[in-house]
Amino acid sequence: MTVTRDLTSLRASRAAMRGRVALVPTMGALHAGHIALVAAARAVADRVVASIFVNPLQFNAASDLARYPRTEEADLAMLAAAGCDLAWVPAPEAMYAPDRATAVTVGGPAERFEGAARPGHFGGVATVCTKLFLQARADVAVFGEKDWQQLQVIRRVVRDLDIPIAILPVPTVREDDGLALSSRNRFLMAAERTTAPLLAREGFATASAIAAGADATAVLGAAMARLAQAGFGVEYLALVAAETMQPLDRATEPARLVAAARLGSVRLLDNWLVA
């Protein structure tokens, strides 16, 4: 696996590639969920490029940016073992010029939930992904469904800006007890790690109940109450249109259940298909 840290090297390595190229954008601190993305990329492309970049534009607090886990040596070893061909590992100054004056502004599916909780977050995500798409010149980019709203924002950016890249979603990878894999799970205390899978259990049960015709408001309220009693700080648990992220009263169109809840110092995100 080739490791590049500047645009000149990236472009030279990319120019030497032949066939279909897939991009796996990451912020590092890799786990089995990321490796599933690499595997999906390998299944649809001849060459795989993975980026490792902790993007400062998508963090609302400097303390959260500083706390984000950085495990580059282990990440590169995992990518190489998974069959990645090229790792793009830029420093912030290689990604953003000090006098940069351009950014991507997003609306639509970015306006609610994470967009409201973290102002500017999705603009940062859209800006860095647009840059990565242009830098890697990939035919397809692979994203996990675990960050469902982010996936919809990226799809909209690609559509609205006519970026010639296909977006391939990969189902959420979970622990045996149901907890969605996340780089931030490592910050859960032992007792919190025991409690954390309750979020997934409530989500799956609630999605199933809504799909079966139960009153969405009632079952969502009951699930939120149980989570709060278990120690979660529930920010939202909502039924939404799968593509637009518009809130729904009932699953009369393709729908998703989305959630954000704090447990100790960790903010957990998850989502479930309603079908």
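Everything in this summary refers to the structure shown in the same document. (Residues numbered from 1 in each chain as written. Predicted model: local features only at pLDDT ≥ 70, side-chain atom pairs only at ≥ 80, totals over all residues. Heavy atoms only, no water.)

**A word on the overall build of the protein**
Stage number 1. Within the protein one finds 11 helices and 9 strands.
Stage number 2. At 19 Å, the protein has a C-alpha radius of gyration in line with the 19 Å of a compact globule built from 275 residues.
Stage number 3. Counting every position in the protein, which comprises 275 residues, the buried fraction comes to 50%.
Stage number 4. When contacts within the protein are restricted to residue pairs at least 6 apart in sequence, long-range pairs at least 24 apart make up 72% of them.
Stage number 5. Of the accessible surface of the protein, which amounts to about 12,400 Å², a share of 54% is contributed by carbon and sulfur atoms.
Stage number 6. Of the charged side chains in the protein, 28 are positive and 27 negative, and the gap between their average positions amounts to 2 Å. (Helix = DSSP H or I, 4+ residues; strand = E, 2+ residues; numbered from the N terminus. Rg over C-alpha atoms; globule rule 2.2 N^0.38 Å. Buried < 20%, exposed > 50% of the residue type's maximum accessible area, 1.4 Å probe, protein only. Contact = heavy atoms within 4.5 Å. Areas by Shrake-Rupley, 256 points an atom, 1.4 Å probe, with all protein chains shown as cover. Lys, Arg positive; Asp, Glu negative; His and termini not counted. Charge placed at Lys NZ, Arg CZ, Asp CG, Glu CD.)

**Here's the deal with helix H11 (residues 216-229)**
Stage number 1. Across its 14 residues, H11 extends 20 Å between first and last C-alpha, which sits within 8% of the 20 Å expected from 1.5 Å per residue.
Stage number 2. Among the residues of H11, Ala-216, Val-219, Leu-220, Ala-223 and Leu-227 are the ones counted as buried. Viewed end-on, H11 has its buried residues packed into an arc of 100°, placing them on one side of the element. Exposed and oriented more than 90 degrees from the buried face of H11 are Thr-217 and Gln-229.
Stage number 3. In this fold, the buried residues of H11 make contact with helix H10 (197-211), strand S7 (233-241) and strand S8 (255-263).
Stage number 4. Following H11 by one or two positions, Gly-231 has its phi on the positive side, about 110°. (Expected span 1.5 Å × (residues − 1). Arc of directions from axis to C-beta.)

**A short note on the nonpolar core**
Stage number 1. Among the nonpolar cores identified, the biggest contains 41 residues, and Leu-23, Phe-133, Phe-143, Ile-154, Ile-165 and Ile-167 are the most heavily contacted of them.
Stage number 2. Counting only elements with at least two residues in this core, the list comes to strand S2 (21-26), strand S4 (86-88), helix H7 (121-136), strand S5 (140-144), helix H8 (148-160), S7 and S8.
Stage number 3. Ignoring sequence-local partners within four residues, the contact set of Ile-167 consists of Phe-133, Ala-141, Phe-143, Leu-151, Ile-154, Arg-155 and Val-158.
Stage number 4. Counting residues in hydrophobic clusters, the runner-up holds 27 residues, among them Ala-200, Leu-227, Leu-239 and Val-274. (Core = buried A, V, L, I, M, F, W, Y, C linked by side-chain atoms within 4.5 Å.)

**Description of the pairing of strand S9 (residues 266-274)**
Stage number 1. Counting buried positions over the 9 residues of S9 gives 8, a clear majority of the element.
Stage number 2. Linking two consecutive strands that pair antiparallel, namely S8 and S9, is a turn of 2 residues; a positive phi of about 65° is found at Gly-264 within it. (Pairing = 2+ DSSP bridges.)

**Some remarks on the environment of Ile-52**
Stage number 1. Mapped onto the fold, Ile-52 is located in strand S3 (residues 47-52).
Stage number 2. For Ile-52, a relative accessible area of 8% puts it in the buried group.
Stage number 3. Taking the C-alpha atoms as reference, Ile-52 lies 22 Å from Pro-164; in sequence the two are 112 residues apart.
Stage number 4. The contact partners of Ile-52, leaving out residues within four places of it in the chain, are Thr-26, Met-27, Gly-28, Asp-75, Leu-76, Leu-79, Trp-88, Val-89 and Pro-90.

**A word on the side chain of Thr-130**
Stage number 1. Tracing the backbone through its elements, the reader meets Thr-130 in helix H7.
Stage number 2. Since its relative accessible area comes to 11%, Thr-130 is described here as buried.
Stage number 3. With residues near it in sequence (within four places) discarded, Thr-130 still touches Val-104, Val-157, Leu-161 and Ile-163.

**Quick look at helix H4 (residues 72-82)**
Stage number 1. Turning to H4, its buried residues number three or more, namely Asp-75, Leu-76 and Leu-79. For H4, the angular spread of the buried residues around the axis is 95°, confining them to a single face. Facing away from the buried surface of H4 by more than 90 degrees, the exposed residues are Glu-73 and Ala-81.
Stage number 2. Of the surrounding secondary structure, the elements contacted by the buried residues of H4 are strand S1 (2-4), helix H2 (32-44), S3 and S4.
Stage number 3. Immediately beyond the C-terminal end of H4, within one or two residues, lies Gly-83, with a positive phi of roughly 95°.

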